[in-house]
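A look at the structure
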Amino acid sequence: MTWSVGAGLEGRGVILTGATGGIGAAVAKGFAAAGARVMAVDLDQGRLDEVVGGLEGSGHIGVAADLRDLGTHDALVQRAVTDLGGLYVLANLAAVLRRRGSLDEVTEDDWDLQHDVNLKSAFFLARAAGNAMIAGGQGGRIILFSSQGWWTGGFGGSVAYASTKGGVTTMCRGLARTFGPHQITVNCVSPGQVHTPMLMTGLAPEIYENMKKQTPLGYVAEPEEMAGPVVFLASDHAKYITGSTLNVSGGFLMY
């Protein structure tokens, strides 16, 4: 047997949210290359069709959904079970960031939007997916996305965003305890700086340059560098890892 970072994912069903973002599209390619069947979820059907159309293999689908509508979650999960031949992985990358120049500029809508997408929907979708995995009886993998902001408190007007990621990191541990007896692992990937539109929107150039200087590896990561860690956590190689937060920050943080 050829050793593969995605061992055990061949033919497995994967729900991937935030699939049209920079990191999401790279992760979709990683799962497809590992032989998984991907349900790509995001807001724009046209962009989803582009992502799905570029994936290796067959059986992939793109589904437009606003995850803030909690009533869509059970239907998404059931469609994955039916159309992908089962659900083994949820990789929840969907997130929004609104930068504000000062704390006084943060509105209630800013707060609610980021918490509804980044934290609230993550919980309810993970619960729905976990329950489907329990019903399937084959175990599973739930992978959430945190951020260096869970530890640092955030930079460049992202305090509200960072608070959501602190919640995701803690929630990951609670879900891992709940789903562990069913052989379902729950882990977080915590990127540092990644060159995506989310990072760059509203970010002052001097802050960006300072990020590079503070990173021992000396550069801002490309989205493709996040795909391997996600696929690894979904694979058979990581079956004894749960409740962890995987630091993928180029040494920006060390823990």
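Procedures and definitions
- Residues numbered from 1 in each chain as written.
- Predicted model: local features only at pLDDT ≥ 70, side-chain atom pairs only at ≥ 80, totals over all residues.
- Heavy atoms only, no water.
- pLDDT = per-residue confidence, 0-100.
- Helix = DSSP H or I, 4+ residues; strand = E, 2+ residues; numbered from the N terminus.
- Salt bridge = Lys/Arg side-chain N within 4 Å of Asp/Glu carboxyl O.
- Buried < 20%, exposed > 50% of the residue type's maximum accessible area, 1.4 Å probe, protein only.
- Axes fitted to C-alpha atoms, helices over the stretch in contact; angles between N-to-C directions.
- Parallel < 35°, antiparallel > 145°, perpendicular 65-115°, else oblique.
- Left-handed = near helix turned anticlockwise from the far one by under 90°.
- Contact = heavy atoms within 4.5 Å.
- Nonpolar A, V, L, I, M, F, W, Y, C, P; charged D, E, K, R; others polar.

Thoughts on the confidence of the model for the protein
- Chain-level pLDDT for the protein is 95 on average; 97% of the residues reach the 70-or-more range.
- Summarising per-element confidence for the protein, the mean pLDDT is lowest in helix H7 (residues 197-200) (68) and highest in strand E4 (residues 89-92) (99).

With respect to the pattern of salt bridges
- All chains considered together, the criterion is met by six salt bridges.
- Residue Asp83 is joined to Arg79 by a salt bridge in which the shortest nitrogen-to-oxygen separation is 3.0 Å. Pair noted here: Asp83 and Arg79 are both in helix H3 (residues 73-83), with a separation of four residues, about one helical turn.
- Notably, a salt bridge pairs Arg100 with Asp110, separated by 2.7 Å at the nearest N-O pair. One end of the pair, Arg100, is in the loop between E4 and helix H4 (108-136); the other, Asp110, is in helix H4, and 10 residues separate them in sequence.
- The exposure class of Arg100 is partly exposed, given its relative accessible area of 31%.
- Using a relative accessible area of 1% as the deciding quantity, one classes Asp110 as buried.

Let's talk about the packing of helix H1 (residues 22-33) against helix H9 (residues 224-234)
- Between H1 and H9, the shortest axis-to-axis distance is 8 Å and the interhelical angle comes to 50°. Taken together, the axes of H1 and H9 lie oblique to each other. Crossing angle aside, the handedness with which H1 passes H9 is right-handed. Packed against H1, whose contacting residues are Ile23, Ala26, Val27, Gly30 and Phe31, the element H9 presents Glu224, Met226, Ala227, Val230, Val231 and Ala234 at the interface.
- Tallied by class, residues from the contact of H1 with H9 come to nine nonpolar, one polar and one charged.

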